[in-house]
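Listed below, chain by chain, are the residues.
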Amino acid sequence: MKPRFLLTVLLLISMLFAIPAAAKAENDPQSAAKPRQLALSSKAWSGDFEKMLDRHMIRVLAPYSRTLYFNDKGRERGLTADAVRDFELYLNRKYKKRLGNRPLTVYIIPTTRDKLLPNIAAGVGDIAVGNLTVTEERLQQVDFFVPGDQKPVNEIVVSGANVPLLDSADQLSGKTVHVRLSSSYQDSLEELNERLKKAGKPLVKIVLVPDALEDEDMMEMLGAGLFEFIIVDDWKAQMWAQILPKIRLHPQATVRTGGKIGWAVRKGSPELLAALDDFLPIT
């Protein structure tokens, strides 16, 4: 039998078997209604650190930021990215015997700031990072780990380079300030407006911006003349002012002083807090 003829026979046989199967699938509404697909949705899961070790997985939510976390040609970069990877390395070294041949993986999941804390509380993530200031309102939703020797952070006014230096945040009275709704800056400005209201002064005009905008994005927009004033943590403002000459920092005009920055975890996670306390460096 010639090879070409044999190949033709085999193709005809395969087609004869395929026709009944195709007809059955066509007449079966259940098989037609359930196509095979890859599940992309994040499943809610809640558990403390010991269970995370059993799962060999920790999910870290982080805002996409050129300061804290960004992707450079497939490589994670930024202050937060470095700290999270150091945490992963530390855990795999410390729990090497328990983990065996399967290391623990820390997944960094880019998340807009308005979703960070709600997703931690809902079990969609285990840790939220991203220069998060501890506030009373946030503590009602999640717990925070803050290193004991951390330097306090001040939230200062930042403007265009041509604005005269402000001596106090009260001088924002009647001025327009752009801010993210989910930020601690928003809470600080609301408190400032309460103080201005009691003093009988015009309130700050608060204009909300999308939560996808990070501080460095807003500082660039400020330098381009798109904003009048914004609020930024002092350390971050000082860092970016070195490469953004068209912005001006007002270190005496603070809307919050002595702030603490930490990593947020689900309430009722003492084991995870203890693991973070062992690790210590938080960004």
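Refer to the preceding data block for the structure.
Let me sum up the structure you'll find in this document. All values reported here derive from a predicted model rather than from experimental measurement. Residue positions are given per chain, counted from 1 along the sequence in the order it is written. pLDDT decides what is reported in this predicted model: residues at 70 or higher carry local features, side-chain atom pairs at 80 or more are listed and counted, and totals for whole chains, interfaces and linings draw on all residues regardless. Only hydrogens and water are set aside when side-chain values are computed; all heavy atoms of the structure are taken into account.

## A look at the overall build of the protein chain
At step 1: When you go through the protein chain residue by residue, the secondary structure sums to eleven helices and twelve strands.
At step 2: Per-residue burial over the protein chain gives 41% buried out of 283 residues.
At step 3: Expressed as a percentage of contacts within the protein chain between residues at least 6 apart in sequence, the contacts between residues at least 24 apart total 76%.
At step 4: For every accessible area listed, the method is Shrake-Rupley and the probe measures 1.4 Å; residues are considered covered only by the protein chains on display. Of the roughly 16200 Å² that the protein chain leaves accessible, carbon and sulfur atoms contribute 56%. Helix and strand labels come from DSSP, where a helix needs a run of H or I of at least four residues and a strand needs a run of E of at least two; each type is numbered from the N terminus. Using a 1.4 Å probe on the protein chains alone, a residue whose accessible area is under 20% of its type maximum counts as buried, one over 50% counts as exposed, and one in between counts as partly exposed. Note on contacts: a residue pair is in contact if any heavy atoms of the two residues lie within 4.5 Å.

## Focus on the packing of helix α4 (residues 79–94) against helix α11 (residues 270–279)
The axes of two packed helices give the description: the angle between them and the distance between them.
At step 1: It is at 11 Å that the axes of α4 and α11 come closest, and there the two elements cross at 100 degrees. The orientation of α4 relative to α11 falls into the category roughly perpendicular. Of the residues in α11, those in contact with A83, D86, F87, Y90 and K94 of α4 are A275, L276, D278 and F279.
At step 2: Tallied by class, residues from the contact of α4 with α11 come to six nonpolar, no polar and three charged. Each axis is a line fitted through C-alpha atoms, taken for helices only over the stretch in contact, and angles between the N-to-C directions span 0 to 180 degrees. Here the word oblique covers every angle except those under 35 degrees (roughly parallel), over 145 (roughly antiparallel) and from 65 to 115 (roughly perpendicular). The residue classification treats Ala, Val, Leu, Ile, Met, Phe, Trp, Tyr, Cys and Pro as nonpolar and Asp, Glu, Lys and Arg as charged. All others, Gly included, are polar.

## Topic: the sheet that holds strand β12 (residues 261–265)
At step 1: Any two strands with at least two DSSP bridges between them are considered paired. With respect to topology, five strands assemble into an open sheet ordered β4-β1-β5-β12-β6, the strand pairing being mixed. The sheet terminates laterally at β4 (105–110) and β6 (143–145), the two strands that pair on one side only. Averaged over all pairs of adjacent strands, the angle between their axes in this sheet comes to 35 degrees, without regard to strand direction.
At step 2: Bridge count for strand β5 (residues 127–133) against β12 is four bridges, and the pairing is antiparallel. Bridge pairing in β12 places L132 opposite G262.

## Remarks on the nonpolar core
At step 1: Of all hydrophobic cores here, the largest spans 29 residues; its most connected members are V158, L172, L189, L192, I230 and I231.
At step 2: Contributions of two or more residues to this core are made by β7 (153–160), β8 (176–180), α8 (184–198), α9 (215–223), β10 (229–233), α10 (234–241) and β11 (247–259).
At step 3: Ignoring anything within four residues of it in the chain, the contact list for L189 reads L172, V177, V179, I206, I231 and V255.
At step 4: Of all hydrophobic cores here, the second largest spans 27 residues; its members include A81, L104, V265 and A275. Throughout, nonpolar core names a set of buried Ala, Val, Leu, Ile, Met, Phe, Trp, Tyr and Cys residues whose side chains join them through atoms within 4.5 Å.

## With respect to the packing of aromatic side chains
At step 1: Put simply, two rings from Phe, Tyr or Trp (the six-membered ring, in Trp's case) pair if the centres are within 6.5 Å, and we call them stacked under 30 degrees between planes, edge-to-face over 60, tilted for the rest. One pass over the full model with this rule turns up five aromatic pairs.
At step 2: Judged by centre distance (6.3 Å) and plane angle (90 degrees), the ring pair of Y64 and Y69 falls under edge-to-face.
At step 3: Of the residues examined, Y64 reaches a relative accessible area of 47% and is grouped as partly exposed.

## So, the side chain of D211
At step 1: Within the secondary structure layout, D211 lies in the loop between β9 (205–209) and α9.
At step 2: Despite its burial, D211 pairs with no opposite charge, the nearest such side chain being R180 at 4.6 Å.
At step 3: A distance of 2.3 Å separates a polar atom in the side chain of D211 from a polar atom in the side chain of S182.
At step 4: Other than its neighbours up to four places away in sequence, D211 contacts R113, D114, R180, L181 and S182. Under the counting rule used here, the positive set is Lys and Arg, the negative set is Asp and Glu, and His together with the chain ends is not counted. Any carboxyl oxygen of Asp or Glu that lies within 4 Å of a side-chain nitrogen of Lys or Arg is treated as forming a salt bridge with it. N or O atoms closer than or at 3.5 Å make up a polar contact, with two conditions inside protein: a donor-capable atom paired with an acceptor-capable one, and, for residues adjacent in sequence, both atoms drawn from side chains.

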